[in-house]
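Observations on the model geometry
As a plain string of letters, each chain reads:
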Amino acid sequence: MPVQAYGAHSGDQPLVPMQITRRAPGAHDVQIDIAFCGICHSDLHQVRSEWAGTLFPCVPGHEIVGRVSAVGEHVSAFKAGDLVGVGCIVDSCRNCEECGAGLENYCDHMVGTYNGPTPDAPGHTLGGYSQRIVVNERYVLRIRHPEEQLAAVAPLLCAGITTYSPLRHWQAGPGKKVGVVGIGGLGHVGIKLAHAMGAQVVAFTTSESKREAALALGADEVVVSRNAEEMAAHRKSFDFILDTVAAPHDLDALLALLKRDGTLTLVGAPATPHPSPNVFNLITKRRSLAGSLIGGIPETQEMLDFCADHGIVADIEMIRAEQINEAYERMLKGDVRYRFVIDNASLAGQ
C-alpha cells in the first residue's frame, strides 16, 4: 500500500516528500498508523552518510508511536485501536543466545527500523517519518501513558531505552551516586530515569546556562565540566557515570571521578572517535569503560511501563514534516529542548 513519507535520495541532499510502499499485514504482523515520530541524532548521521552503509532512499525514524489499524490473523496481543510503539528493532534472527535472552539489540542479525535488510521494497527497511508501518508483533510495544502524552512518549523508544538499559544493568538506585553527562535528547531522559530509580544524580554540562534546567529535570547537583574546581570536588566519588554526548571529548576527566570499581558507560555515538583514555585511569582503581546499545524488546517494554508508572516523558518540541531539514540544522547547534517530534498528520498534505 502506498503511504506518504519524508526521506533522502542521497547523503548530500535534503529530506524531501516521497511515496513509499508498505506490505499488507501478514499473519503475525501489526499495522500501525503513525501519529508521531521522534527525531534522533542517529537519524542525521545515517541519512547524511556520516555512518557507513546508508541505503537510499533513506526514510529515517525509530521513535514511533501510533494506533493499531489492523492485525494479522494469528495476532492475539494487539487489536485495532491500541496505542503502541516501535523502537529501533523490527526483526532479529530469533534463534541466537541474545534473542533467547530478550537482548535482540545484540543479535548479529538485528534488523533496524530503517536501513536494515528486508524482502519488502525497496530491499531495506524504511522508518517512521511516514504515515504507516507494518511490523511483526514480537517487536511492537504497548503504551500505557495517557493519550495526551503520546507525542512526548515517542522519544522514549530510543532515548528512553538507551539510557534506561545501562542504568538498570549497572544497578542505579538508592545508595548509588550516578553521573549523567550531557543534558540533551538522551541526557535529559537519563536524569529523569536515574532520579526515579532513587539514585543521587549529578548532571554534567559544559554550559552554565543549563544548570537550572538540569535541576528541574531531577538532578541533585549540576557540575559545569569546564570548571576545574567543580570537577575536582567529585574525584573518586561516583559509582556509575552515563555519558550521552555524541561528540568526541576527553574521557580521562570523567574516569578520574569514578570510585574503585566504578563504571563509565558510553551511549553517545560520535561520528569520529574519542581520544584514547590513559590506561592508568583504569588500572589504578579497577575502573571500567563500557558501552551500551539501546535495549531488547522485553526491557524496552519494562522501560515504557516504568515511565508510565512514574509519569516520565521526554521534553519535546513538535514540528511539521516540512520542518525536518530545519530541525536537523537546529539539532546540530543544540537548539532544541530536548527532542524534536514530528506530527505525522502533517504528512497527509505532502
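Here is what the cut-offs are and how they apply
Residues numbered from 1 in each chain as written. Predicted model: local features only at pLDDT ≥ 70, side-chain atom pairs only at ≥ 80, totals over all residues. Heavy atoms only, no water. Helix = DSSP H or I, 4+ residues; strand = E, 2+ residues; numbered from the N terminus. Rg over C-alpha atoms; globule rule 2.2 N^0.38 Å. Contact = heavy atoms within 4.5 Å. Areas by Shrake-Rupley, 256 points an atom, 1.4 Å probe, with all protein chains shown as cover. Lys, Arg positive; Asp, Glu negative; His and termini not counted. Charge placed at Lys NZ, Arg CZ, Asp CG, Glu CD. 1 Å grid on protein atoms, 1.4 Å probe; cavity = no way out; pocket = protein on both sides within 12 Å on 5 of 7 lines; lining within 4 Å. Points joined across faces, edges and corners; volume = space filled by probe spheres on them. Nonpolar A, V, L, I, M, F, W, Y, C, P; charged D, E, K, R; others polar. Patch = residues over 30% accessible without salt bridge, like charges linked within 9 Å, V, L, I, M, F, W, Y side chains within 5 Å. Salt bridge = Lys/Arg side-chain N within 4 Å of Asp/Glu carboxyl O. Buried < 20%, exposed > 50% of the residue type's maximum accessible area, 1.4 Å probe, protein only. Phe/Tyr/Trp six-rings, centres within 6.5 Å; stacked < 30°, edge-to-face > 60°. Pairing = 2+ DSSP bridges. Axes fitted to C-alpha atoms, helices over the stretch in contact; angles between N-to-C directions. Core = buried A, V, L, I, M, F, W, Y, C linked by side-chain atoms within 4.5 Å.

Check the secondary structure of the protein chain and you find eleven helices and 17 strands. The C-alpha radius of gyration of the protein chain comes to 20 Å, within 12% of the 20 Å expected for a compact globule of 350 residues. For the protein chain, restricting intrachain contacts to residue pairs at least 6 apart in sequence, the fraction spanning at least 24 positions comes to 67%. Of the roughly 14400 Å² that the protein chain leaves accessible, carbon and sulfur atoms contribute 51%. If the 29 positive side-chain charges of the protein chain are averaged to one point and the 39 negative ones to another, these points end up 5 Å apart.

Turning to the layout of surface pockets, a few remarks are in order. In this approach a probe as big as a water molecule rolls over the atoms, and the regions it shows empty are the leftover space. Of the voids in this model, the second largest pocket is the one considered here, and its volume is about 350 Å³. In terms of lining, the second largest pocket is formed by 20 residues, of which the most central are Arg-23, Thr-118, Asp-120, Thr-125 and Val-134. Mapped by element, the contributors of at least two residues to the lining of the second largest pocket are strand E6 (89-91) and strand E8 (132-136). A total of four residues in the lining of the second largest pocket trace back to one element, the largest contributor, which is E8. Looking at the lining of the second largest pocket, its residues break down into nine nonpolar, six polar and five charged.

A cluster of nonpolar residues, Leu-103, Tyr-106 and Leu-293, forms a patch on the protein surface that exposes about 240 Å² of accessible area. With respect to the secondary-structure elements, Tyr-106 resides in the loop between helix H2 (97-100) and strand E7 (111-112). The class for Tyr-106 is partly exposed, based on a relative accessible area of 36%.

Further remarks concern the packing of aromatic side chains. The geometry of an aromatic ring pair is captured by two quantities: the separation of the ring centres and the angle between the planes. Per the counting criterion, the structure on display carries three aromatic pairs. On the basis of an interplanar angle of 55° and a centroid distance of 5.7 Å, the ring pair of Tyr-164 and Phe-306 is categorised as tilted. Of this pair, Tyr-164 sits in helix H4 (residues 159-169) while Phe-306 sits in helix H10 (residues 297-310); the two residues are 142 residues apart in sequence, bridging distant segments of the chain. Comparing Tyr-164 with Phe-306 shows no difference in burial state: the two are buried. Ring geometry for Trp-170 versus Phe-240: centroids 5.6 Å apart, planes at 20°, classification stacked. A residue pair is termed long-range when its members are at least 10 positions apart, and Trp-170 in the loop between H4 and strand E10 (177-181) and Phe-240 in strand E13 (residues 238-243) qualify at 70 residues.

Before going further, it helps to examine the sheet that holds strand E11 (residues 200-205). If you trace the six strands from one edge of the open sheet to the other, you get E12-E11-E10-E13-E14-E15, paired in parallel fashion. One side of each edge strand has no neighbouring strand; the edge strands of this open sheet are strand E12 (221-224) and strand E15 (288-291). Between one strand axis and the next, the sheet turns through 20° on average, direction left out of account. With four bridges connecting them, E11 and E12 associate as parallel partners. Residue Thr-205 lies in a different strand from E12, and its bridge partner there is Val-224. Against the sheet, H4 touches E10, E13 and strand E14 (258-266), its axis set at about 160° to E13.

Take the nonpolar core next. Ile-39, Tyr-129, Leu-167, Ile-191, Ile-324 and Tyr-328 are the most contacted members of the largest nonpolar core, which totals 93 residues. Here Ile-39 is in contact with Glu-63, Tyr-129, Ile-319, Ala-327, Tyr-328, Met-331, Arg-339, Phe-340 and Ile-342, once residues within four sequence places are set aside. Ranked by size, the runner-up nonpolar core spans 15 residues in total, among them Val-202, Leu-251, Leu-254 and Leu-282.

Among the structural elements, Leu-293 can be located in the loop between E15 and H10. For Leu-293 and Gln-46, which are 247 residues apart along the polypeptide, the C-alpha to C-alpha distance reads 16 Å. Apart from residues lying up to four places away in sequence, Leu-293 is in contact with Asn-105 and Tyr-106.

Counting across every chain of the model gives 23 salt bridges. Among the ionic pairs, Arg-260 bridges to Asp-261, the shortest N-O distance being 2.9 Å. Note on Asp-261: relative accessible area 35%, which makes it partly exposed. Between Asp-335 and Arg-330 there is a salt bridge, with its nearest N and O atoms 2.9 Å apart. Exposure remark for Asp-335: the relative accessible area of 40% places this residue in the partly exposed category. Salt bridges here are not isolated pairs; linked through shared partners, they connect Arg-23, Asp-29 and Asp-120.

Before going further, it helps to examine unusual backbone geometry. Along the chain, Phe-56 connects to Pro-57 via a cis peptide bond; the corresponding omega equals 0°. Looking at the secondary structure, you find Pro-57 in the loop between helix H1 (41-47) and strand E4 (64-71). Here the bond from Arg-337 into Tyr-338 is cis, since omega is 0°, no more than 30 degrees from zero. In this fold, Tyr-338 is placed in the loop between helix H11 (324-332) and strand E17 (339-343). One non-glycine residue, Arg-286, lies in the positive phi region at around 55°. Not every positive phi belongs to a glycine, and Ile-294 is a case in point at roughly 35°. Locating Ile-294 in the fold gives a position in the loop between E15 and H10.

All quantities given are derived from atomic positions and should not be read as evidence of function.
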